[in-house]
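Structure at a glance
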Amino acid sequence: MFLMVKVFLLLAALSLHDVVAKPVPPTLLFVVPLSIISFISTAAIWHTLFLSLILSLAAFVYFWLLSYFPSGGKYYAIMLLGGIGLMAI
């Protein structure tokens, strides 16, 4: 169930990135709901904060790279490999 939420949020963030073309708004759209769900579902606050920080940095780098390479093969490679990486975190 949590993986489905991640996939849905990533697709929504990618759609937002296509419109805005800046890395911060899609990063926030992806990270904030996942962090809230994690805080609600676990009692380990420090662990959740640490993982939220790592996810925020990884998502920012992902969307920044997508902004830096706006089209072509590198764009699709980053989108595929980075998306798989974000699902693994």
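First things first, this report covers the structure right here in the doc.

What counts and what doesn't
- The numbers attached to residues start from 1 for each chain and follow its sequence in the written order.
- Per-residue local features of the predicted model are confined to residues with pLDDT of at least 70, and side-chain atom pairs are confined, for both listing and counting, to 80 or more; whole-chain, interface and lining totals are unaffected and use all residues.
- In computing side-chain values, all of the structure's heavy atoms are included and hydrogens and water are not.
- Secondary structure elements follow DSSP: runs of H or I of four or more residues count as helices, runs of E of two or more count as strands, with numbering from the N terminus.
- The globule rule is 2.2 Å times the number of residues to the power 0.38, and the radius of gyration it is compared with is taken over C-alpha atoms.
- Contact definition: two residues touch when any of their heavy atoms are within 4.5 Å.
- The Shrake-Rupley method, run with a 1.4 Å probe sphere, supplies the accessible areas, and residue values consider only the shown protein chains as cover.
- In this analysis an axis means a line fitted to C-alpha atoms, helices contributing only their contacting stretch, and an angle means the value between N-to-C directions, from 0 to 180 degrees.
- If you view the pair so one helix is near and one far, a crossing is left-handed when the near helix is turned anticlockwise from the far one by less than a right angle, and right-handed when it is turned clockwise.
- Polarity classes work like this: nonpolar for Ala, Val, Leu, Ile, Met, Phe, Trp, Tyr, Cys and Pro, charged for Asp, Glu, Lys and Arg, and polar for all others, with Gly in that last group.
- Aromatic pairs are defined between Phe, Tyr and Trp rings, using the six-membered ring for Trp, whenever the two ring centres lie within 6.5 Å; interplanar angles under 30 degrees are classed as stacked, those over 60 as edge-to-face, and all others as tilted.
- Angles are sorted into four bins: roughly parallel if under 35 degrees, roughly antiparallel if over 145, roughly perpendicular if 65 to 115, and oblique for all others.

1. Re the overall build of the protein chain
Across its full length, the protein chain carries 4 helices and 0 strands. Going residue by residue from the N terminus, the α and β elements of the protein chain occur as α-α-α-α. Radius of gyration (C-alpha) of the protein chain: 13 Å, near the 12 Å computed for a compact globule of 89 residues. Counting only C-alpha atoms, the protein chain reaches 45 × 20 × 20 Å along its principal axes. Relative to all contacts within the protein chain whose residues are 6 or more apart in sequence, the contacts with residues 24 or more apart total 65%. When the accessible surface of the protein chain is split by element, carbon and sulfur atoms take 81% of a total near 5,700 Å².

2. A word on the packing of helix H1 (residues 2-20) against helix H4 (residues 73-88)
It is at 10 Å that the axes of H1 and H4 come closest, and there the two elements cross at 150°. By crossing handedness, the relation of H1 to H4 is classed as right-handed. Taken together, the residues of H4 that come into contact with H1 (itself represented by Leu3, Lys6, Val7, Leu10, Leu14 and Asp18) are Tyr75, Met79, Gly83, Leu86 and Met87. When grouped by side-chain class, the residues that make up the contact of H1 with H4 number 8 nonpolar, 1 polar and 2 charged.

3. Considering the packing of aromatic side chains
Taken as a whole and assessed by the stated rule, the structure comprises 4 aromatic pairs. Aromatic side chains Tyr68 and Phe69 sit 5.0 Å apart centroid to centroid with 90° between the ring planes, which places their arrangement in the edge-to-face category. An aromatic cluster of three or more residues is present, and its members are Trp64, Tyr68 and Phe69.

4. Focus on unusual backbone geometry
Excluding glycine, residues mostly have negative phi values, and the peptide bonds linking residues are mostly trans. Of note, Ala21 is a non-glycine position whose phi angle comes to about 65°, a positive value. As for its position among the elements, Ala21 is in the loop between H1 and helix H2 (24-41).

5. Here we look at the packing of helix H3 (residues 45-68) against H4
For the pair H3 and H4, the least separation of the axes is 9 Å and the interaxial angle reads 170°. Here H3 is positioned roughly antiparallel relative to H4, judged by the angle of their axes. The residues of H4 that touch H3, namely those facing Leu55, Ala58, Ala59, Tyr62, Leu65 and Leu66, are Tyr75, Ile78, Met79, Gly82, Gly83 and Leu86. Residue classes in the contact of H3 with H4 are distributed as 10 nonpolar, 2 polar and no charged.

These figures capture arrangement, not role.
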